[in-house]
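Chain and residue survey
Listed here are the chains, written in short residue letters.
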Amino acid sequence: RGAKMAAEAAERQLELLREEREAELAERRAWQENISLKELQRRGVCLLKLQAANQRTGLYGRLLVTFQPRKYDSDAELPYNSFGPGDIVGLYDSVGQGDLLSTGIVTRVTSKAVTIAFEESRDGMLSVGHESSYRLLKLANDITYNRIKKALNALKQYHSGPASDLIDVLFFSLDPSPSSETKPLKLYNDSLDASQREAVSFSLAQKEVAIVHGPPGTGKTTTIVEIILQAVQQGLKVLCCAPSNVAVDNLVERLAGYKARILRLGHPARLLEPIQQHSLDAVLARSDSAQIVADVRKDIDQAFAKSKKAQDKGERGHFLSEIKALRKELKEREETAMTAALTHASIVLATNTGASSDGPLKLLPENYFDLVVIDECAQALEASCWIPLLKAPKCILAGDHKQLPPTIISHKAAAKGLSLSLMERVIERYGEKVVKMLTVQYRMHEAIMQWASSEMYGGRLTAHPSVAQHLLNRGVFFIPVHVGFVTVMQFSIPSCHSISVCPLFHQGIVTLVVVVLFLCNKKPCSVIFRLLLWCDTSINEILLHLVRTYKNLTCSVPTPSSPSPSQVFIESRARHQI
Ligand SMILES: Nc1ncnc2c1ncn2[C@@H]1O[C@H](COP(=O)(O)OP(=O)(O)OP(=O)(O)O)[C@@H](O)[C@H]1O
């Protein structure tokens, strides 16, 4: 029965995902059909007039090409753009018909250059000339979509394997097993509070699923790190995921502090500097086979250069088959080194989609992992969680389902259930049987917390004495606003005054702005608004309202010199820009 329910749910998710995908593609088409290339470049999704500055062979034998602005001055900078590692781009000829030459993945972006990794093109080799002019255009990312689709299809057909019982529990055909008895733990972090300790031992004792519900600033990440370290101590192999790279890196950074044996999968260029040493690429570069692999890559590059100079088809064919053989050798050597790196680690970390079996994890046996941990689970599409979930008999989910659900373009798909997170769905059904909530928050003044606590967390939050009366002098507030709910989160970042607001719920925001100003212990004097998206009239209404209400307040848009220390800087962003 469990398998049948899982198959039906997977089918429904696939359908909703198709709707979402169509909405995304329609949005992209509308851009491309109605907007000139120059305008696309102005919006940051297209880079015109580029030249190939250099090319070499990277991991998996991919061709890495670095593009720069086509100017004679080598110091030329790229125009403003939103290209980032992992983005899918199309490479086009700038002249003639502007044909699509190939698609690739951005691996690195600097102010002066962008590097793209190309898979082998259909005719075997993409040829990028140094003299030609190219343009790059961001395309809808079908890698993510295809990986999720693949996982849902695997869920649909899942009959036996490590995750069988977990699937039954998560689709409600089997009740969660009773918790096992646990011995008192010796904590790695002995400053954990009572609710955090309870969450740790509960999560370790659960058999199939445990959920750590962490309202803002309650030490969710701190708790998850302790759980992971304890699991490793018990000899478990842990796969740890989150929907975003930032959330994964956050865990890597904290775990690295405990000298845990970690391995971070994903594009190294996307990772923060201190995290890079834990990336698969960096570990491979330090491995014994690194020199041989580098030599094979060099051989490929040389054969490639010779093939371009080849006089006739026969000679060219000879080099191409040499490249093919070298690539095969490279692949085998890389896979051996990757398997060694993966099995050496106790904790493998990746984004949900980065844990796909079409990546390095395909090298591990099906029942390799004992535990999957998904952080920020309430912000992930349930479908994306199934990529890691199929790989272990137990999962621990962490997040806060009272905050924003995952971003979805298709309103119809969202209304039909695509925006319901796995975490929320499972809590709705099993409640206390599977979840522990963290109840002490370490981040905000209790006056701010009180509102959120009574509106959303059943009045259960308390402020730790270290922050209960703490006034903000310098810091950043992120105030995500979502259909009537306003949650307040504060990140202390020295040297920057800023409040970040999504202008959806004006009244709530105005109130919050004033609360924040009050807490800043300053006389409100000057507020600067900067809009990154939805530059609609709502923000003007907020400005007007503020100016009318608070006579000693001036509101303005940013100037190059702002913000000055006496000003509060309010920036409006969509969640994906935060
Ligand atoms: N038991 C504790 N004792 C003292 N400080 C703590 C404790 N638990 C967490 N903190 C502090 O509280 C802050 C928030 O912790 P953490 O980042 O783990 O919370 P979070 O719930 O994951 O945050 P977010 O709201 O960003 O998801 C950190 O500065 C952390 O050091």
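Here, every reference points to the structure presented above.
Being a predicted model, the structure only gives us computed values, none of them experimental. (Residues numbered from 1 in each chain as written. Predicted model: local features only at pLDDT ≥ 70, side-chain atom pairs only at ≥ 80, totals over all residues. Heavy atoms only, no water.)

Take the packing of helix 10 (residues 290-309) against helix 11 (residues 313-344) next. Orientation of helix 10 relative to helix 11, taken along the N-to-C sense of each, is 165 degrees, at an axis distance of 9 Å. Looking at the two axes, helix 10 sits roughly antiparallel to helix 11. Between helix 10 and helix 11 lies a crossing whose hand is left-handed. Two secondary-structure elements touch here, helix 10 through Ile 292, Val 293, Val 296, Arg 297, Asp 299, Ile 300, Ala 303, Phe 304, Lys 306 and Ser 307 and helix 11 through Arg 316, Phe 319, Leu 320, Glu 322, Ile 323, Leu 326, Arg 327, Glu 329, Leu 330, Arg 333 and Glu 334. By residue class, the composition of the contact of helix 10 with helix 11 is 11 nonpolar, 1 polar and 9 charged. (Axes fitted to C-alpha atoms, helices over the stretch in contact; angles between N-to-C directions. Helix = DSSP H or I, 4+ residues; strand = E, 2+ residues; numbered from the N terminus. Parallel < 35°, antiparallel > 145°, perpendicular 65-115°, else oblique. Left-handed = near helix turned anticlockwise from the far one by under 90°. Contact = heavy atoms within 4.5 Å. Nonpolar A, V, L, I, M, F, W, Y, C, P; charged D, E, K, R; others polar.)

The local shell around the ligand holds 15 residues, among which Ser 191, Thr 221, Thr 222, Arg 254 and Arg 443 are the closest. Measuring from an oxygen atom of the ligand, one finds a backbone N or O atom of Gly 217 at 2.8 Å. One of the side-chain N or O atoms of Tyr 442 is found 3.1 Å from a nitrogen atom in the ligand. Expressed as a share of its isolated accessible area of 630 Å², the protein-covered part of the ligand is 73%. With 3 residues, helix 6 (residues 220-233) is the single largest residue contributor to the shell around the ligand. Residues that form the shell around the ligand fall into these classes: 4 nonpolar, 7 polar and 4 charged. (Near = heavy atom within 4 Å. Polar contact = N/O pair within 3.5 Å; in protein donor to acceptor, adjacent residues only side chain to side chain. Areas by Shrake-Rupley, 256 points an atom, 1.4 Å probe, with all protein chains shown as cover.)

A few words on the nonpolar core. Judged by nonpolar contacts, the single largest core of 64 residues is most densely connected at Leu 155, Ile 167, Ile 211, Leu 361 and Leu 389. By residue number, the principal contributor to this core is helix 1 (residues 2-34), which donates 6 residues. Among residues more than four places away in sequence, those in contact with Leu 389 are Ala 163, Leu 166, Leu 170, Val 372, Ile 374, Cys 395 and Leu 422. Counting residues in hydrophobic clusters, the runner-up holds 32 residues, among them Ala 199, Phe 202, Ile 228 and Ile 262. (Core = buried A, V, L, I, M, F, W, Y, C linked by side-chain atoms within 4.5 Å. Buried < 20%, exposed > 50% of the residue type's maximum accessible area, 1.4 Å probe, protein only.)

Two elements, strand 3 (residues 88-93) and strand 4 (residues 100-109), share 5 bridges in a ladder whose sense is antiparallel. The residue of strand 4 that forms the bridge with Tyr 92 is Leu 100. Across 5 bridges, strand 4 lies against strand 5 (residues 114-118) in antiparallel orientation. The residue of strand 5 that forms the bridge with Ile 105 is Ala 117. Hairpin geometry of strand 4 and strand 5 is characterised by an intervening segment of 4 residues between the two adjacent antiparallel strands. (Pairing = 2+ DSSP bridges.)

Spatially, the 7 strands line up as an open sheet ordered 9-10-8-11-12-7-13, and their pairing is parallel. In the strand order of this sheet, the two ends are held by strand 9 (262-264) and strand 13 (435-437), each with one partner. Averaged over all pairs of adjacent strands, the angle between their axes in this sheet comes to 15 degrees, without regard to strand direction. Looking at chain direction, strand 9 and strand 10 (residues 347-351) are connected through 3 bridges and run parallel. Within strand 10, the position partnered with Arg 264 by the bridge is Leu 349. Helix 6 rests against strand 7 (209-213), strand 8 (238-242), strand 10, strand 11 (371-374) and strand 12 (395-399) of the sheet, and its axis sits at about 165 degrees to strand 12. Along the sheet, helix 7 (residues 245-256) makes contact with strand 8, strand 9 and strand 10, crossing strand 10 at roughly 160 degrees.

Purely geometric numbers; function is a separate question.
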